[in-house]
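# What the coordinates show
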Amino acid sequence: MALEELRSRPSLSAYLLGALVALFYLVGRWTPGRLLSPRLQGSPKEGEPRLWLALLALGLVLYLATERGRGRGLSRSWPRILGFLGLVALGLYFVASLAWAPSLSLAEEKAYELVLPVPLLVCIWMHRDPLGVARASIVVLTWLLLAMGTLAFFSSMEGRLAVLGGGPIVFGRNMGLLAVILLAQGMVMTRQVWRVALSLLAVMLVLVSGSRGALLAMLFGSGSLALRTRVWRLVPPLIVAAGTLVLIQDLPFVKAAQDRFAYRVLELTIRERYTAGRTTLYLESVDVFMGAPAFGLGLGGSGYALGAYPHNIFLEIACEGGLLAVALFLVFLCSVLWECRSTRAPPDLVGVFLVLLASAQFSGDLFDSRGVFLFGALILAAGASRRRRRSNAGAA
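What comes next is a walk through the structure.

Thresholds, definitions, all that
- Residues numbered from 1 in each chain as written.
- Predicted model: local features only at pLDDT ≥ 70, side-chain atom pairs only at ≥ 80, totals over all residues.
- Heavy atoms only, no water.
- Core = buried A, V, L, I, M, F, W, Y, C linked by side-chain atoms within 4.5 Å.
- Buried < 20%, exposed > 50% of the residue type's maximum accessible area, 1.4 Å probe, protein only.
- Helix = DSSP H or I, 4+ residues; strand = E, 2+ residues; numbered from the N terminus.
- Contact = heavy atoms within 4.5 Å.
- Expected span 1.5 Å × (residues − 1).

The next subject is the nonpolar core. Residues Leu-141, Leu-145, Phe-353 and Phe-375 are the most contacted members of the largest nonpolar core, which totals 112 residues. The element that contributes the greatest number of residues to this core is helix α15 (residues 313-340), accounting for 12 residues. Those residues in contact with Leu-145 that lie beyond four places of it in its chain are Leu-26, Asn-174, Met-175, Leu-177, Leu-178 and Ile-181.

Here's what the structure looks like:
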């Protein structure tokens, strides 16, 4: 990222939208009742924070619609156009699939969850400073994840770690995001290399959570960032990581991380080949897809046929939307990955997207994968904004 892009400060509306994106991703289906009982489910929809965040985003849509000069910072780039068109077409197709959904109740519940992120996606499309929105979302997300990580250090390390009534899989994925964000920032900003030390602490929290999918997603995100980084920039982070590991090796939570890795990865995964039923679920999902390969079973069809979601974003889309829906999703995904290939793409934003994309292959349903669509849309919009700025600078 260019130095002037790092120093420029986002506008108030960019900070607001960035905060809404970060909060909407983190909140998910969480409700305040989880603080009283982690197993509390079925809260009224009007009490869900995600609904209120969506309504705030809808108000921001109305504001951006009347704001003068909106969209002037964007270029009409093909990746951005194709990516957003693919995303819109996928959403409309899933809405149309309500017509042949096998269970209307399941389809309506899923449609409600898929509609909630729409105001945020519209805001990202409309905002005249999407690069500022992207920076603001990463800033807010980083501070919130740091707060969650801090809470974790005051929690018991006896079982699989989680905080605020959430599950260990979600907590592990979030700490993986924090590790990759801090690592990316430490590699880009040489004076901020101390962030790598905090990144290593986040890695330990991923291990204590016991989530193997989160560990794989974190390794995929950090490895991808390393491959697109110049070799000389990797030396200081490696030195800091090694030094930090030496300093903290005798701390209790590091011992807990080692024990959890030995049991969850070495014992369960490698020796016993335990996959928590994922292999069977994936094979059953393929059978469901082959039953209606062209157009799928319709929205909510995977839950109806399997009694559970496939725990893989491609399989879920294939089961419910068929090859047509998969093709539309690939248009969006390939457009985002095309933008990610650029060395000028914000590395922390790219890292967040790659971690969430990898995580979506092992756990969660479409709503749980909301970060793939939100941060993917930010990458598309931010890339178009950077190209427009460079062309304006060249013209000047």
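Resuming the write-up.
A word on unusual backbone geometry. Of note, the phi angle at Arg-273 is positive, near 55 degrees, even though the residue is not glycine. One can find Arg-273 in the loop between α12 (252-271) and α13 (278-291). Residue class for Arg-273 comes out exposed when judged on its relative accessible area of 69%. Located in the positive-phi region is His-311, a residue other than glycine, with phi close to 60 degrees. Looking at where His-311 falls in the secondary structure, it is placed in the loop between α14 (301-306) and α15.

Between its first and last C-alpha atoms helix α9 (residues 195-209) spans 21 Å; for 15 residues at 1.5 Å apiece the expected length is 21 Å, and the two agree. Counting buried residues in α9 gives 12 out of 15 residues, a clear majority hidden from the surface. When we look at burial in α9, the residues that qualify are Arg-195, Val-196, Ala-197, Ser-199, Leu-200, Ala-202, Met-204, Leu-205, Val-206, Leu-207, Val-208 and Ser-209. Of the residues trailing α9, Gly-210 is marked for its positive phi of about 75 degrees.

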